[in-house]
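Residue strings, one per chain:
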Amino acid sequence: MLSTKRLTPILLAVFLLLATLFFLNTPEAISSLPAYGEKAGSSAVTAADSQQQTDATKSQTSTGVKPDTSSSKPAIAISYDKTTPPTTGCEPIVHDLQQRIISTYQTQLKGIRYANVFGYLETENKGDAAIWSAQQILMSMMGINFLEACRFTDKDCDIAKFRSQLEAHAPHSAILIAGGGNFNDFYWEDQPSRIKMVSMFPNIPIRSFPQSIHMTHPDRINLTKTSFGSHPDLQLAARDQRSYNWLSDTFGQKAVDVEANKVRHILTPDIAFMWGSRPDFRLNTKKTHQVLILARDDWEVSAGNSSSIPMGEGVLDLGGEVGNVTYNKVDWKFTNTPGINESPREEGKNQRAWAKAIQGFEMLGSADFVITDRLHGHIMSTIIGTPHVLMDSKLGKNIDFHDTWTKDCAATRVATDIEEAKNFARMFFEKRLREEKKGGDGGNVA
Ligand SMILES: *[C@@H]1O[C@H](CO)[C@@H](O)[C@H](O)[C@H]1NC(C)=O
Ligand SMILES: *[C@@H]1O[C@H](CO)[C@@H](O)[C@H](O)[C@H]1NC(C)=O
Ligand SMILES: *[C@@H]1O[C@H](CO)[C@@H](O)[C@H](O)[C@H]1NC(C)=O
């Protein structure tokens, strides 16, 4: 039998453990993260910093992030510093952004245990795959069973099954609108489909994952307002401040032709941050090139594009002491994931999305330095901690996102064109050369 003397410390330890678990599970602990618009208090710093630091080469001691809503910008954000190259990793920021998504959707998805996802888009775009798989991570974490997925109501979709699954699990079922960049009226393909879907399911709660929003046609904005504004339980989400402002102006306090604040709207980081911090994709991937250029090759390409550099493998002269470096230039939308499109084919949309997302992370992890004008080139490089340069795309969505969430990440530098991007690459490799020299012979530990 245990004596009271020996039992006391054990009981004390058990009590402390239970108290800790209780604290971690209380809403108070969750809501101690500053909500959108609040000042970032010391609690956010603690939440971000207390996360386990797995990245040995972590060079930053950053604090919690908050969306940038301030009009007075005190100091220049690190990613706009043109005098220094990006460094490795910014794990505290990644942890903080992930935590924000979790605490936001804990509220938005309360009571929901079954969900259909609307807006499913299966392509080779590794960013879309990372979004899809991250949505699955969040749903699993929240205890939500994923049922059906459709992109349109009237094609490539068994809408009868879509409806019957939701009805079978009511009132614990919901439609979750997929996150991404197609809440716009340029293509007019996904948005009209969403409008139709919202009108078809007035009795089902609808929640949206974070999106970039770009609406410019008054008639199309009207259609959106009419449909969304008539749904009794709809929540939309923006992944950057500019998109959030549009939602606020359209559905908030000063809404016109729509009941004010009936359509709930939130600001939250891109869902891909549900992958959390993954330095393993950088540390464990064999480096095949010094620079990876992940470039978009479509209508969204911007003036600061890299068209002067041919696609594929080659040598890039960075000048200075660095000179030539090897590069690989790809657009991952047109890069097939091995084993997906030939046999044996991955079965099921989830399996294919996981495989493509991992392929995307490994692609970014295959070089020492990344240059990209794709939003998820930036987001996924940040997740794995690879030093990188971000250039904008035509609609401004890259910089909109970056300025809202990731401008304090030292692994990023913003460039307006490819020459500036190359300049950052030169600084990065020059610094590495200097460090290797300082380390003497055998200093190359990369
Ligand atoms: C949008 O709706 C408002 C009010 O219903 C109307 O006055 C306006 O003409 C509409 N605009 C377009 C382009 O349809
Ligand atoms: C891409 O950059 C080149 C200069 O390198 C420029 O001439 C061209 O107009 C740019 N393309 C777009 C779509 O802005
Ligand atoms: C750099 O690469 C180019 C070919 O792209 C070659 O002509 C040049 O000699 C190389 N410079 C050095 C210093 O190796």
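Basis of the calculations
- Residues numbered from 1 in each chain as written.
- Chains lettered and ligands numbered in written order.
- Predicted model: local features only at pLDDT ≥ 70, side-chain atom pairs only at ≥ 80, totals over all residues.
- Heavy atoms only, no water.
- Helix = DSSP H or I, 4+ residues; strand = E, 2+ residues; numbered from the N terminus.
- Contact = heavy atoms within 4.5 Å.
- Disulfide = S-S within 2.5 Å.
- Buried < 20%, exposed > 50% of the residue type's maximum accessible area, 1.4 Å probe, protein only.
- Near = heavy atom within 4 Å.
- Polar contact = N/O pair within 3.5 Å; in protein donor to acceptor, adjacent residues only side chain to side chain.
- Areas by Shrake-Rupley, 256 points an atom, 1.4 Å probe, with all protein chains shown as cover.
- Nonpolar A, V, L, I, M, F, W, Y, C, P; charged D, E, K, R; others polar.
- Salt bridge = Lys/Arg side-chain N within 4 Å of Asp/Glu carboxyl O.
- Axes fitted to C-alpha atoms, helices over the stretch in contact; angles between N-to-C directions.
- Parallel < 35°, antiparallel > 145°, perpendicular 65-115°, else oblique.
- Left-handed = near helix turned anticlockwise from the far one by under 90°.
- Core = buried A, V, L, I, M, F, W, Y, C linked by side-chain atoms within 4.5 Å.
- Phe/Tyr/Trp six-rings, centres within 6.5 Å; stacked < 30°, edge-to-face > 60°.
- Lys NZ or Arg CZ within 6 Å of the ring centre and 35° of its normal.
- Pairing = 2+ DSSP bridges.

Caption draft 1: The arrangement of the environment of Tyr105 in detail. As for its placement among the helices and strands, Tyr105 is situated in helix 4 (residues 91–108). Leaving out residues up to four positions away in the same chain, Tyr105 has contacts with Lys110, Leu138, Met142, Ser208, Phe209, Pro210, Gln235, Ala237, Ile266 and Thr268.

Caption draft 2: Broad picture of the state of the cysteines. What the rule picks out here adds up to two disulfides. At a sulfur-sulfur separation of 2.1 Å, the disulfide partner of Cys90 is Cys409. With the S-S dihedral at roughly -85°, the linkage between Cys90 and Cys409 falls on the left-handed side. In this pair, Cys90 is assigned in the loop between helix 3 (42–49) and helix 4 and Cys409 in the loop between helix 13 (397–405) and strand 14 (412–414), connecting sequence segments 319 residues apart. Across this residue pair, the class does not change: Cys90 and Cys409 are buried. In this model Cys150 forms its disulfide with Cys157; the gap between the sulfur atoms is 2.1 Å. An S-S torsion of about 80° defines the bridge between Cys150 and Cys157 as right-handed.

Caption draft 3: Representation of the site of ligand 1 within the structure. Around ligand 1, the neighbouring residues are Pro218, Asp219, Asn222 and Asp257. In the model, an oxygen atom of ligand 1 is placed 2.2 Å from a nitrogen or oxygen of the Asn222 side chain. Its free accessible area being 360 Å², ligand 1 has 35% of it covered by the protein chains. When grouped by side-chain class, the residues that make up the shell around ligand 1 number one nonpolar, one polar and two charged.

Caption draft 4: Here's a closer look at the pattern of salt bridges. Here the structure, examined in full by the defined rule, presents 25 salt bridges. Between Lys196 and Asp154 there is a salt bridge; the shortest N-O distance is 3.1 Å. Here the residue Lys196 occupies a position in helix 7 (residues 190–200), and Asp154 occupies one in the loop between strand 2 (145–150) and helix 6 (159–168), the gap between them amounting to 42 residues. The residue Arg426 makes a salt bridge to Glu430 at a minimum N-O spacing of 3.0 Å. Of this pair, Arg426 and Glu430 both sit in helix 14 (residues 418–438), four residues apart, which is roughly one turn of that helix. When sorted by exposure, Arg426 lands in the same class as Glu430, which is buried.

Caption draft 5: Geometry of the packing of helix 5 (residues 126–141) against helix 11 (residues 349–364). Across the interface, helix 5 lies against helix 11 with an axial gap of 8 Å and an inter-helix angle of 120°. Judged by the inter-axis angle, helix 5 sits oblique to helix 11. Here helix 5 and helix 11 pass one another in a crossing that is left-handed. Residue-level inspection shows Lys126, Ala129, Ala130, Trp132, Ser133, Gln136 and Ile137 of helix 5 in contact with helix 11, the latter providing Lys349, Asn350, Ala353, Trp354, Lys356, Ala357, Gln359, Gly360 and Met363. Considered class by class, the residues forming the contact of helix 5 with helix 11 number eight nonpolar, five polar and three charged.

Caption draft 6: Spatial organisation of the nonpolar core. One finds Ile175 and Phe228 to be the most contacted residues of the largest nonpolar core, which totals 82 residues. By residue number, the principal contributor to this core is helix 5, which donates seven residues. If you look at the next biggest cluster of nonpolar residues, it comprises 21 residues, including Leu316, Ala421, Phe424 and Phe429.

Caption draft 7: Local environment of the packing of aromatic side chains. The tally for this structure, following the rule as stated, stands at 19 aromatic pairs. On the numbers, 6.2 Å between centres and 75° between planes, the contact of Phe118 with Phe162 is edge-to-face. On the criterion of sequence distance, the pair formed by Phe118 in strand 1 (residues 114–118) and Phe162 in helix 6 is long-range, its members being 44 residues apart. Of the two residues, Phe118 and Phe162, neither departs from the other in class, the shared state being buried. With centroids separated by 4.8 Å and ring planes inclined at 10°, the aromatic side chains of Phe281 and Phe361 adopt a geometry described as stacked. Highlighted residues: Phe281 in helix 10 (residues 280–283) and Phe361 in helix 11, separated in sequence by 80 residues. Following the ring pairs from residue to residue traces out a cluster consisting of Phe183, Phe228, Trp246 and Phe251. Over the aromatic face of Phe152 sits the side chain of Lys155, whose NZ or CZ is 4.5 Å from the ring centroid. Lying across the ring of Tyr120, Lys349 places its NZ or CZ 5.7 Å from the centre.

Caption draft 8: Local environment of the environment of Arg413. Along the chain, the position of Arg413 falls in strand 14. Not counting residues up to four positions away in its chain, the partners in contact with Arg413 are Ile78, Ser79, Asp81, Thr84, Pro85, Pro86, His388, Val389, Leu390 and Phe424. In terms of polar contacts, Arg413 uses its side chain to reach the backbone carbonyl oxygen of Ala410, at 3.3 Å.

Caption draft 9: Broad picture of the sheet that holds strand 10 (residues 312–317). Strand order in the open sheet made by the six strands is 10-11-9-12-13-14, with mixed pairing throughout. Because the sheet does not close on itself, it has two edges, and the strands there are strand 10 and strand 14. Sheet twist, expressed as the average angle between the axes of neighbouring strands with direction ignored, equals 25°. Where strand 12 (residues 367–372) and strand 13 (residues 388–390) come together, three bridges link them in parallel fashion. Bridge pairing links Val370 to His388 in strand 13.

Caption draft 10: Main features of unusual backbone geometry. Each neighbour pair has its own omega, and for Ala170 with Pro171 the value is 5°, a cis peptide bond. For Pro171, the location among the structural elements is in the loop between helix 6 and strand 3 (173–177). The phi angle at Asp156 is positive, at roughly 50°, despite the residue not being glycine. Position of Asp156 among the secondary structure elements: in the loop between strand 2 and helix 6. For Asp156, a relative accessible area of 73% corresponds to the exposed category. At Asn261, a residue that is not glycine, the phi angle is positive and equals roughly 60°. Relative to the helices and strands, Asn261 resides in the loop between helix 9 (241–251) and strand 8 (264–267). In this structure Asn261 comes out as partly exposed when scored by relative accessible area, which is 37%.

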